[in-house]
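Remarks on the overall topology
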Amino acid sequence: MCLGIPMKIVAVDPAGTGTVELDGVRHAVDLTLIETPKSGDHVIVHAGFAIERLDPAEADARIELFRSLAESRERDGDGG
Amino acid sequence: MTTPDRILLAHGGGGRLTAALIADEIVPRFGAGPLASLPDAARLPGMAGGLVFTTDSYVVQPAVFPGGDIGALAVHGTVNDLAVSGAEPRWISLAMILEEGLPLATLRRVLDSIRAAADACGVAVATGDTKVVPHGQCDGLYINTAGLGEPIPGYRLSADAIRPGDAVLASGTLGDHGMAVLCARERLQVASGPVSDTGTIHRLVRAATPWAASVRFMRDPTRGGAAAVLNEIAGGRPFGIALREDALPFAPAARSVAETLGIDLLHVPSEGRMLAVVAPDAADAILAAWRALPEGAGSTRIGAVTAGPAGAVVMETLIGGRRLVDMPLGELLPRIC
Amino acid sequence: MKYVDAFRDPAAARALAGRIREAAAPLAGRSRPVQIMEVCGSHTMAIGRYGIRGLLPPHLRLISGPGCPVCVTDAGYIDAALELASRGVEICTFGDLINVPGSDTSLAAARSRGAAVTVCYSPLEAVERARRDPAREVVFLAVGFETTVAPVVSLVDRAAAEGLGNLSLLTAFKLVPPALEALAAAPDLAIDAFLCPAHVSAIIGADAYRPFAGRHRRPCVVAGFEPLDILYGIEGILRQLDAGEARVENQYSRVVTAAGNRRAQALIERLLRPVDAIWRGLGPVPASGLGLRPEFAAYDAENRHGLRVGPGRDAPGCRCGDVISGRLTPPECPLFGRRCTPASPVGPCMVSSEGSCAAWYKYGRIATERP
Ligand code: SF4
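Here the structure is a predicted model, which is why all the values come from computation and not from measurement.

Let us look at helix 7 (residues 252-261) of chain B. Among the 10 residues that make up helix 7 of chain B, eight are buried, leaving the element largely enclosed by the rest of the structure. The complete set of buried residues in helix 7 of chain B reads Ala253(B), Ala254(B), Ser256(B), Val257(B), Ala258(B), Glu259(B), Thr260(B) and Leu261(B). Elements in contact with the buried residues of helix 7 of chain B: strand 1 (5-12), strand 2 (17-22) and strand 3 (25-30) of chain A, helix 4 (176-185) of chain B together with helix 2 (41-49) of chain C. The first or second residue beyond helix 7 of chain B is Gly262(B), which carries a positive phi of 70 degrees.

Spelled out as structure tokens, the structure:
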């Protein structure tokens with residue numbers, strides 16, 4: 001029910017707004033729902049609002065897990 | 001909800017409602033002659049040497065958008081309709097409806113870009129008309145152009161000639177124009193967003209002439225996007241079309257915004273691209289000829305014609321699933337869900 | 001796209017599909033298929049968009065739940081919005097709502113007759129509209145689940161801060177956990193497990209499903225909206241079912257925490273209070289919605305414009321209710337694809353692009369034709 005895309009914060013304004021970026025495209029965003037937002041943080045953006053932070057360590061760990069699943073599967077010769 | 005008794009915005013979106021409006025209201029009245037097959041441009045019968053005729057109206061809001069303006073668009077769109085009909089564009093007409101209060105600077109900019117676009121395509125503005133309506137009766141300016149072109153020998157285009165095994169080609173990234181206009185219009189506060197692909201494809205048609213006999217069908221994916229064109233091709237015919245999602249060409253900026261707004265780029269208009277269905281043995285040669293031109297640099301094979309399911313456009317998704325690529329409904333709506 | 005494309009990797013998807021088949025094998029002998037409900041419409045959309053159903057073994061079924069705020073919004077709500085529009089109020093809405101049929105007509109149809117209906121991507125655009133013409137009343141159609149609630153209700157703070165007296169909200173916010181309870185209370189619940197929403201959970205936290213999972217002994221797995229997230233979530237559910245477990249598992253840990261977004265929760269708590277809500281498909285569910293607290297009545301469109309959202313008339317023959325509660329799959333509705341299509345939707349499930357019927361229509365007809 002709630003489309004949301006991870007974007008990177010590139011600017012934080014004092015008023016609680018800021019700018020986020022995804023593949024070069026920059027969007028104005030409301031950051032008031034995020035505790036101490038900083039440039040470089042990744043956030044999930046929904047309807048023009050950052051609704052939560054994305055934890056890069058967790059994301060990378062999951063990407064790594066998926067990569068290893070794919071590799072071991074291909075090694076075992078079972079393409080699925 | 002039954003059929004609406006008023007015109008809705010979606011009737012103009014190039015999707016299902018547009019198709020229904022044309023089928024219910026236009027074809028029964030005017031469908032006896034060249035209009036019958038609803039071509040982008042009509043081959044006029046009984047003209048010596050043959051003549052191809054088209055018309056299109058331009059109401060884009062805002063009139064100036066990243067990558068172009070309504071003037072360039074009004075030339076490109078009409079030239080492209082001639083080109084995908086296998087014609088060399090020659091002449092266009094220019095009719096403008098101006099709103100009282102339109103800044104002269106805007107009009108000049110638009111006229112300059114009409115001139116530049118027409119020169120670049122080698123077409124001449126042969127006739128024209130200007131009307132002014134009271135403030136509030138149109139939104140800035142609307143343009144209609146009609147175009148006349150000469151058939152290029154060798155092209156015998158018909159979707160009925162399409163066979164299973166044929167290749168489906170795209171001449172570049174899809175959906176950039178629609179996303180650029182949407183970003184400019186919806187006050188999305190987007191910076192460095194998508195840039196319209198508005199431009200012409202007639203040189204691509206020219207470049208493919210050596211293989212003209214192998215080209216079954218060409219269309220520029222404007223309103224309704226590639227999904228509408230491909231569904232029109234396959235609809236009611238004894239073959240299907242299979243796309244591969246990993247082969248679809250999308251520009252990063254258009255993709256970024258489409259993901260953000262929940263819009264399927266296959267539903268989004270381009271204004272300087274074309275899709276072609278060609279015999280499989282000519283596909284690589286045509287792609288190479290296209291790629292040699294700047295406007296065709298991003299040309300690629302996006303799918304193939306299949307024996308079935310008949311009438312359907314099916315996509316193999318990124319992860320190896322399959323889904324239907326449906327006709328868009330009409331209006332492009334940013335959604336949150 | 002960083003943190004997006006990596007979760008759409010084809011090789012990993014193949015590997016996960018294989019692991020799902022393995023994990024599903026021990027469940028193949030049951031008398032009926034394993035049924036997993038994806039509660040959230042964005043999951044429904046992604047499942048359709050990536051053709052995920054076709055990757056699953058035949059005895060595993062995904063059922064779309066009540067997770068589309070448009071589909072569960074009663075026709076009477078649209079009627080109230082139309083009534084406001086007919087009084088000259090400017091209606092600001094997410095694009096999702098504008099084709100939804102009310103009892104008689106839709107906002108798109110009203111717009112074609114001259115009603116002021118503005119499609120917004122962000123609720124903040126409504127502030128801009130209200131600022132532009134202080135003499136004109138602006139109403140934002142405040143629908144959505146927990147994810148959308150905080151962004152929308154923050155309009156109240158904006159309006160107060162700017163002293164805008166012409167902006168109000170027509171609220172029909174809905175809450176997911178009470179809906180799950182209502183679903184599970186049905187005596188014929190044939191759902192084995194729940195795939196829990198990604199971004200709702202970002203707000204409410206994964207722990208919010210604990211009481212439910214414990215009480216009803218159903219695995220609840222929070223998963224992201226990318227295809228690998230969904231596949232891995234399904235695998236997690238199957239492994240729980242294999243082991244006879246019924247836990248809450250948070251597989252969207254890159255975004256969802258156990259406790260959720262406390263700032264959003266605090267905002268919601270300060271401005272809103274739980275109210276009973278009518279869900280299309282589920283009927284009235286106690287404390288399953290949110291309305292403005294009485295101290296903010298000036299921003300409540302019902303109060304401000306003296307109108308009550310009453311029950312609407314559903315289109316005759318529409319089985320949205322059964323579809324939303326998982327009792328029917330869309331093609332089992334006799335109107336599906338015949339009288340009811342996205343071009344002329346009979347029920348709301350066919351309207352919202354994430355509505356179960358629309359998602360099946362758009363994406364599902366091929367995938368469901370199993371060889
Ligand atoms: S197919 Fe149409 S009528 Fe049937 S349940 Fe879905 S929305 Fe209602």
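On we go.
Here we take up the interface of chain B and chain C. Size of an interface, as often reported, equals the accessible area lost when the parts are brought together. Taken together, the contact pairs 36 residues of chain B with 48 residues of chain C. At the boundary of chain B and chain C, one finds four salt bridges. In this structure, Arg113(C) engages Asp5(B) in a salt bridge whose closest nitrogen and oxygen atoms are separated by 2.9 Å. Taken together, chain B and chain C are joined by six residue pairs in polar contact (both at pLDDT 80 or more). When residues of the side of chain B that touches chain C are traced back to their parent elements, those giving at least two are helix 1 (16-30), helix 7 and strand 15 (322-324) of chain B. For the side of chain B that touches chain C, the leading source of residues is helix 7 of chain B, giving five residues. Its residues placed into classes, the side of chain B that touches chain C shows 18 nonpolar, five polar and 13 charged.

The next point concerns the sheet that holds strand 7 (residues 193-196) of chain C. Residue and element names in this part refer to chain C. Taken together, the five strands give an open sheet; going across it, the order is 2-1-7-8-9, and neighbouring strands pair in parallel fashion. Edge positions in the open sheet fall to strand 2 (60-67) and strand 9 (248-250), since each of these has one partner strand only. On average, adjacent strands in this sheet sit at an angle of 20 degrees to one another, irrespective of strand direction. Sheet analysis places strand 7 next to strand 8 (residues 220-222), joined by three bridges and oriented parallel. Residue Leu195 lies in a different strand from strand 8, and its bridge partner there is Val221. The sheet strands contacting helix 7 (residues 176-185) are strand 1 (34-40), strand 2 and strand 7, and the helix crosses strand 1 at an angle near 150 degrees.

The next thing to look at is the packing of aromatic side chains. Aromatic rings considered in pairs are described by the distance between their centres and by the relative angle of their planes. Residues and elements named next belong to chain C. As enumerated under the stated definition, the model contains six aromatic pairs over all chains in all. When the centroid spacing of 5.2 Å and the interplanar angle of 85 degrees are considered together, the rings of Phe94 and Phe140 count as edge-to-face. One end of the pair, Phe94, is in strand 3 (residues 90-94); the other, Phe140, is in strand 5 (residues 138-144), with 46 residues separating them in the sequence. What makes Phe94 buried here is its relative accessible area of 2%. Their ring planes at 65 degrees and their centres at 6.1 Å tell us that Phe336 and Tyr361 sit as a pair that is edge-to-face. Taken together, the positions of Phe336 in the loop between helix 13 (320-324) and helix 14 (356-367) and Tyr361 in helix 14 put the pair 25 residues apart, joining distant regions of the chain. Of the residues examined, Phe336 reaches a relative accessible area of 12% and is grouped as buried.

What follows is about a nonpolar patch on the surface. Residue and element names in this part refer to chain B. On the surface, Ile26, Phe30, Leu35 and Leu38 cluster together into a nonpolar patch covering about 320 Å² of accessible area. With respect to the element layout, Phe30 can be found in helix 1. Its relative accessible area of 51% is what places Phe30 among the exposed residues.

By nearness alone, every residue bordering the ligand is listed as Cys318(C), Arg319(C), Cys320(C), Cys333(C), Leu335(C), Phe336(C), Cys340(C), Val346(C), Gly347(C), Cys349(C), Met350(C) and Cys357(C). Of the residues contributing to the shell around the ligand, the split by class is 10 nonpolar, one polar and one charged.

As a further point, take the domain arrangement of chain B. Its domain assignment divides chain B into domain 1 (1-26), domain 2 (47-151) and domain 3 (159-324). The gap between the C-alpha centroids of domain 1 of chain B and domain 2 of chain B is 25 Å.

With that settled, the discussion passes to the interface of chain C and chain A. Contacts between the two partners involve 55 residues from chain C, matched on the other side by 38 residues from chain A. Both faces considered, chain C and chain A share a buried interface measuring about 3800 Å² in area, 62% of it formed by carbon and sulfur atoms. It is Tyr3(C), Arg254(C) and Arg263(C) in chain C that bury the most area against chain A; as a group they hold 19% of the surface buried on that side. Taken together, chain C and chain A are joined by three salt bridges. In this assembly, chain C and chain A are joined by 12 residue pairs in polar contact (both at pLDDT 80 or more).

As a further point, take the pairing of strand 7 (residues 141-151) of chain B. Working note: regular strand, side chains alternate between the two faces of the sheet. Residue and element names in this part refer to chain B. Judged from the seven bridges that link them, strand 2 (residues 51-58) and strand 7 form a sheet pairing that is antiparallel. Counterpart to Thr54 in the pairing with strand 7 is Gly147. Strand direction decides the pairing type here: strand 5 (residues 87-99) and strand 7, joined by nine bridges, are antiparallel. Following the sheet pairing, Met96 is matched in strand 7 by Ile143.

Procedures and definitions
Residues numbered from 1 in each chain as written. Chains lettered and ligands numbered in written order. Predicted model: local features only at pLDDT ≥ 70, side-chain atom pairs only at ≥ 80, totals over all residues. Heavy atoms only, no water. Buried < 20%, exposed > 50% of the residue type's maximum accessible area, 1.4 Å probe, protein only. Helix = DSSP H or I, 4+ residues; strand = E, 2+ residues; numbered from the N terminus. Contact = heavy atoms within 4.5 Å. Salt bridge = Lys/Arg side-chain N within 4 Å of Asp/Glu carboxyl O. Polar contact = N/O pair within 3.5 Å; in protein donor to acceptor, adjacent residues only side chain to side chain. Nonpolar A, V, L, I, M, F, W, Y, C, P; charged D, E, K, R; others polar. Pairing = 2+ DSSP bridges. Axes fitted to C-alpha atoms, helices over the stretch in contact; angles between N-to-C directions. Phe/Tyr/Trp six-rings, centres within 6.5 Å; stacked < 30°, edge-to-face > 60°. Patch = residues over 30% accessible without salt bridge, like charges linked within 9 Å, V, L, I, M, F, W, Y side chains within 5 Å. Areas by Shrake-Rupley, 256 points an atom, 1.4 Å probe, with all protein chains shown as cover. Near = heavy atom within 4 Å. Domains from an automatic or database assignment. Buried area = accessible area lost by both parts, 1.4 Å probe.

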